[in-house]
Protein chains: 2
Amino acid sequence: MTRNAAAGSAATDVFAALANPTRRELLRLLLEEGPQPVQRLASHFDMARPSVSEHLKVLRDAGLISEHRSGRERHYRLEAAPLRRVRDWLTPYERFWREKLANLRDLLDEEEPS
Amino acid sequence: MTRNAAAGSAATDVFAALANPTRRELLRLLLEEGPQPVQRLASHFDMARPSVSEHLKVLRDAGLISEHRSGRERHYRLEAAPLRRVRDWLTPYERFWREKLANLRDLLDEEEPS
DNA sequence: TTGACTGGTAGGAAATCTCCTACCTATTCT
DNA sequence: AGAATAGGTAGGAGATTTCCTACCAGTCAA
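Residues numbered from 1 in each chain as written. Chains lettered and ligands numbered in written order. Predicted model: local features only at pLDDT ≥ 70, side-chain atom pairs only at ≥ 80, totals over all residues. Heavy atoms only, no water.

## A short note on the overall build of chain A
In step 1: The number of helices and strands found in chain A is five helices and three strands.
In step 2: Across chain A, helices and strands are ordered from the amino to the carboxyl terminus as α-α-β-α-α-β-β-α.
In step 3: When each of the 114 residues of chain A is scored for burial, the buried share is 39%.
In step 4: Here the analysis covers contacts within chain A between residues at least 6 apart in sequence; of these, 50% occur between residues at least 24 apart.
In step 5: Of the roughly 7000 Å² of accessible surface on chain A, a fraction of 47% belongs to carbon and sulfur atoms. (Helix = DSSP H or I, 4+ residues; strand = E, 2+ residues; numbered from the N terminus. Buried < 20%, exposed > 50% of the residue type's maximum accessible area, 1.4 Å probe, protein only. Contact = heavy atoms within 4.5 Å. Areas by Shrake-Rupley, 256 points an atom, 1.4 Å probe, with all protein chains shown as cover.)

Okay, here's the thing in structure tokens:
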């Protein structure tokens with residue numbers, strides 16, 4: 001029974017993948033420090049390594065990272081492309097909040113004309 | 001025990017609020033159709049009204065909507081400002097995926113020089 | 001005031017998430 | 001070959017999410 005008539009559900013949802021702070025931190029590490037093996041990623045967290053592996057699986061399923069094997073290591077690399085879905089979703093709201101800001105500025109100009 | 005050393009946790013996390021497709025749909029309705037009472041929002045979903053109320057509470061806690069009472073109705077209005085946090089988070093990745101696209105284009109140019 | 005209507009909250013069931021400790025395979029080193 | 005290392009998977013505990021059905025208070029219309 002598909003109970004979400006709403007939207008989204010890719011194979012796995014990018015929004016859901018981003019909901020967890022540990023996973024956002026993993027993406028940040030990959031962005032700032034480049035591709036790296038699991039242990040190096042895991043060393044940043046106060047969490048058992050298998051748990052990090054599971055977060056990596058969620059990110060992989062969402063297409064946000066890719067795996068590249070090198071000997072017994074597996075290097076994970078950021079794949080930022082799916083984030084375009086988020087950006088695209090965000091765009092119409094951006095226009096909205098800009099208008100609000102403009103309205104606020106107009107209001108301030110009215111009330112306190114220099 | 002705060003177990004997320006990572007990041008994020010505002011009063012309630014905007015990312016977490018966006019993780020649910022029903023809540024994203026609610027935001028879309030408020031964006032496209034403007035402020036409206038709960039029943040009109042709920043009519044779009046195959047879900048009991050109290051459940052919609054709970055989703056609205058999550059959005060309210062994340063600062064994404066505001067409530068305005070008018071008689072026995074409560075009109076909910078989109079408050080897009082917290083989405084800037086998402087936008088700001090996204091920005092460095094945007095640069096990254098643009099570079100990747102540029103690299104791909106360069107590669108194509110090399111392999112198939114017109 | 002009574003009855004209908006709007007919408008929040010309580011309590012609970014079921015599903016899902018997040019973490020853990022084993023445990024497994026594959027690779028590398030000696 | 002045998003030991004050590006990298007990292008995935010299984011199974012499960014506990015927390016959280018998501019939905020439900022009552023049930024409640026406030027507002028409006030008769």
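## A word on the protein's contact with DNA strand D
In step 1: Residues in contact with DNA strand D amount to 22 residues; listed here are only the nearest, S53(A), Y76(A), A48(B), S51(B) and H55(B).
In step 2: In DNA strand D, atoms within 4 Å of the protein come 64% from sugar and phosphate.
In step 3: Interatomic distance of 3.2 Å between a backbone N/O atom of R74(A) and a phosphate oxygen of DNA strand D.
In step 4: At 3.5 Å, a side-chain N or O of R72(B) approaches a base oxygen of DNA strand D. (Near = heavy atom within 4 Å. Polar contact = N/O pair within 3.5 Å; in protein donor to acceptor, adjacent residues only side chain to side chain.)

## Some points on helix α2 (residues 21-33) of chain B
Residues and elements named next belong to chain B.
In step 1: Taking 1.5 Å of rise per residue, 13 residues should cover 18 Å, and α2 covers 18 Å from first to last C-alpha, within 8% of that figure.
In step 2: All of the buried residues in α2 are P21, T22, R23, R24, E25, L26, L27, L29 and L30.
In step 3: Phi turns positive one or two residues past the end of α2, at G34, with a value near 80°. (Expected span 1.5 Å × (residues − 1).)

## Re the relation of the copies chain A and chain B
In step 1: Structural alignment of chain A on chain B gives an RMSD of 0.1 Å, achieved by rotating through 180° and translating 0.0 Å along the axis. Viewed as a symmetry operation, the transformation between the two copies matches a two-fold axis. Nearest to the rotation axis, the C-alpha of A19(A) is located 2.9 Å from it, this being the minimum over chain A.
In step 2: Mapped onto chain B, 100% of the interface residues of chain A are again interface residues, and the two copies thus contact each other with one and the same surface. (Least-squares fit on C-alpha atoms with pLDDT ≥ 70 in both.)

## Notes on the packing of helix α2 (residues 21-33) of chain A against helix α4 (residues 49-61) of chain A
Residues and elements named next belong to chain A.
In step 1: Contact geometry for α2 and α4: axes closest at 10 Å, N-to-C directions at 75°. In this view, α2 runs roughly perpendicular relative to α4, as classed from their interaxial angle. Between α2 and α4, the residues in contact are T22, R23, L26 and L27 and V52, H55, L56, V58 and L59, respectively.
In step 2: Looking at side-chain class alone, the contact of α2 with α4 contains six nonpolar, two polar and one charged residues. (Axes fitted to C-alpha atoms, helices over the stretch in contact; angles between N-to-C directions. Parallel < 35°, antiparallel > 145°, perpendicular 65-115°, else oblique. Nonpolar A, V, L, I, M, F, W, Y, C, P; charged D, E, K, R; others polar.)

## Side note on a nonpolar patch on the surface
In step 1: Together, L101(A), L104(A) and L107(A) line one region of the surface with nonpolar side chains, adding up to about 260 Å² of accessible area.
In step 2: Checked against the element boundaries, L101(A) lands in helix α5 (residues 83-111). (Patch = residues over 30% accessible without salt bridge, like charges linked within 9 Å, V, L, I, M, F, W, Y side chains within 5 Å. Salt bridge = Lys/Arg side-chain N within 4 Å of Asp/Glu carboxyl O.)

## Examining the protein's contact with DNA strand C
In step 1: Close to DNA strand C lie 23 residues, the nearest being A48(A), S51(A), H55(A), Q39(B) and S53(B).
In step 2: The sugar-phosphate share of atoms of DNA strand C within 4 Å of the protein amounts to 65%.
In step 3: A distance of 3.1 Å separates a base nitrogen of DNA strand C from a polar side-chain atom of E54(A).
In step 4: At 3.3 Å from a phosphate oxygen of DNA strand C is found a main-chain nitrogen or oxygen belonging to R74(B).
In step 5: Listing elements by their share of the surface near DNA strand C, those giving two or more residues are α4 of chain A together with α3 (38-42), α4 (49-61) and β3 (73-78) of chain B.
In step 6: Grouping the constituent residues of the surface near DNA strand C by class yields seven nonpolar, seven polar and nine charged.

## Let's talk about α2(A)
Residue and element names in this part refer to chain A.
In step 1: With ten of its 13 residues buried, α2 lies for the most part within the structure.
In step 2: Burial in α2 covers these residues: P21, T22, R23, R24, E25, L26, L27, L29, L30 and L31.
In step 3: Where α2 begins, the capping side chain belongs to N20, and its oxygen is found 2.7 Å from the backbone nitrogen of T22.

## Overview of the interface of chain A and chain B
In step 1: Listed per partner, the contact involves 34 residues of chain A and 35 residues of chain B.
In step 2: When chain A packs against chain B, close to 3200 Å² is buried across both sides, 68% of that on carbon and sulfur atoms.
In step 3: Broken down residue by residue, the surface that chain A buries against chain B is led by R24(A), Y93(A) and W97(A), which jointly contribute 19%.
In step 4: Counting the contacts that link chain A with chain B gives four salt bridges.
In step 5: The interface formed by chain A and chain B holds six residue pairs in polar contact (both at pLDDT 80 or more) in total.
In step 6: Sorting the residues of the side of chain A that touches chain B by element identifies α1 (14-18), α2, β3 (73-78) and α5 of chain A as the ones contributing at least two each.
In step 7: The dominant element in the side of chain A that touches chain B, judged by the number of residues it contributes, is α5(A), at 13 residues.
In step 8: For the side of chain A that touches chain B, the class distribution of residues is 21 nonpolar, three polar and ten charged. (Buried area = accessible area lost by both parts, 1.4 Å probe.)

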